[in-house]
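# Tertiary structure, described
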Amino acid sequence: DQQVKQNSPSLSVQEGRISILNCDYTNSMFDYFLWYKKYPAEGPTFLISISSIKDKNEDGRFTVFLNKSAKHLSLHIVPSQPGDSAVYFCAASDATSGTYKYIFGTGTRLKVLA
Amino acid sequence: DAGVTQSPTHLIKTRGQHVTLRCSPISGHKSVSWYQQVLGQGPQFIFQYYEKEERGRGNFPDRFSARQFPNYSSELNVNALLLGDSALYLCASRYSGGNYGYTFGSGTRLTVV
């Protein structure tokens, strides 16, 4: 049972435009959400996170939005750059469980076209 | 500062064999987790250790075991390897306070033949 879903396996965006990556979750106990970026032959790199007490968090070109009622989060990258081309994973965690266990989605491959 | 280091980077084993994967966390990080990533999937949680104690276990068979040493490094052991154990094994560490995000190593690519 996939608790964290990324329904778009791939996305292509023109350089300079906005990239929007989406993620849905089913477990209402999740209270912390993260986005990771992964290049081939490297481990995932932490990008940005958001707690369930917030609905938005920004860090430079990256913004994460959380809609708890819809159990949906999205990552916005503005402006998109060719170096952003990678696989993006959404992850969720129940911080109250005492186990810092992440549930990952299956990833979205972003390609930014120059 | 060195990141999370894992060894070996690649490994080929035969079905039925045993394998040990090693991880050194970032200095000062006391929490280590292990994940398995199969091609086309997201990483799946295997274990979490904190201060040498197991704090969480994912849905993996007992063939998988791990431990954390006094210097906070960790080993993941897999017995009686199956073809389906072929995957990228990722180790991640985090500081117990502050930023919640784990820092991942580059992984060990295990191929079982």
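Now for a description of the structure that goes with this document. (Residues numbered from 1 in each chain as written. Chains lettered and ligands numbered in written order. Predicted model: local features only at pLDDT ≥ 70, side-chain atom pairs only at ≥ 80, totals over all residues. Heavy atoms only, no water.)

Another aspect to go through is the overall build of chain A. Secondary structure summary: chain A contains zero helices and 11 strands in total. The C-alpha atoms of chain A give a radius of gyration of 14 Å, which matches the 13 Å a tight globule of 114 residues would have. Along the first, second and third principal axes, the C-alpha atoms of chain A reach 45 × 30 × 20 Å. Classification of the 114 residues of chain A by burial places 46% in the buried group. Within chain A, counting contacts between residues at least 6 apart in sequence, those at least 24 apart form 55% of the total. By element, 49% of the accessible surface of chain A is carried by carbon and sulfur atoms, the whole surface being about 5500 Å². For chain A, the centre of its 12 positive side-chain charges and the centre of its 10 negative side-chain charges are spaced 4 Å apart. (Helix = DSSP H or I, 4+ residues; strand = E, 2+ residues; numbered from the N terminus. Rg over C-alpha atoms; globule rule 2.2 N^0.38 Å. Buried < 20%, exposed > 50% of the residue type's maximum accessible area, 1.4 Å probe, protein only. Contact = heavy atoms within 4.5 Å. Areas by Shrake-Rupley, 256 points an atom, 1.4 Å probe, with all protein chains shown as cover. Lys, Arg positive; Asp, Glu negative; His and termini not counted. Charge placed at Lys NZ, Arg CZ, Asp CG, Glu CD.)

As a further point, take the pattern of salt bridges. The final tally for this structure, using the stated rule, is nine salt bridges over all chains. It is possible to trace a salt-bridge network through shared partners that takes in Arg22, Arg67 and Glu75 of chain B. (Salt bridge = Lys/Arg side-chain N within 4 Å of Asp/Glu carboxyl O.)

What follows concerns the state of the cysteines. Overall, the coordinates contain two disulfides over all chains when judged by the stated rule. Between the sulfur of Cys23 of chain A and that of Cys90 of chain A lies a disulfide, 2.0 Å long from S to S. Taking the sign of the S-S torsion, -70° for the link of Cys23 of chain A and Cys90 of chain A, the bridge is left-handed. Taken together, the positions of Cys23 of chain A in strand β3 (residues 19-25) and Cys90 of chain A in strand β9 (residues 86-93) put the pair 67 residues apart, joining distant regions of the chain. On the basis of relative accessible area, Cys90 of chain A is assigned to the buried category, the value being 0%. Between the sulfur of Cys23 of chain B and that of Cys91 of chain B lies a disulfide, 1.8 Å long from S to S. The sign of the -65° torsion about the S-S bond sets the Cys23 of chain B-Cys91 of chain B disulfide as left-handed. (Disulfide = S-S within 2.5 Å.)

The next point concerns the sheet that holds strand β1 (residues 4-5) of chain A. Taken in spatial order, the five strands line up as β1-β3-β8-β7-β6 (chain A) in an open sheet, and their pairing is antiparallel. Strands with a single pairing partner mark the edges of an open sheet, and in this sheet they are β1 and β6 (56-59) of chain A. (Pairing = 2+ DSSP bridges.)

Turning to the interface of chain B and chain A, a few remarks are in order. At the interface, 21 residues of chain B touch 20 residues of chain A. Summing both sides of the interface, chain B and chain A together bury roughly 1700 Å²; the carbon and sulfur share of this comes to 58%. Counting across the chain B and chain A interface gives zero salt bridges. There are three residue pairs in polar contact (both at pLDDT 80 or more) connecting chain B and chain A. Residue assignment for the side of chain B that touches chain A shows that the elements contributing at least two residues are β4 (31-37), β5 (44-50), β6 (53-57) and β9 (87-94) of chain B. For the side of chain B that touches chain A, the residue count by class is eight nonpolar, 11 polar and two charged. (Buried area = accessible area lost by both parts, 1.4 Å probe. Polar contact = N/O pair within 3.5 Å; in protein donor to acceptor, adjacent residues only side chain to side chain. Nonpolar A, V, L, I, M, F, W, Y, C, P; charged D, E, K, R; others polar.)

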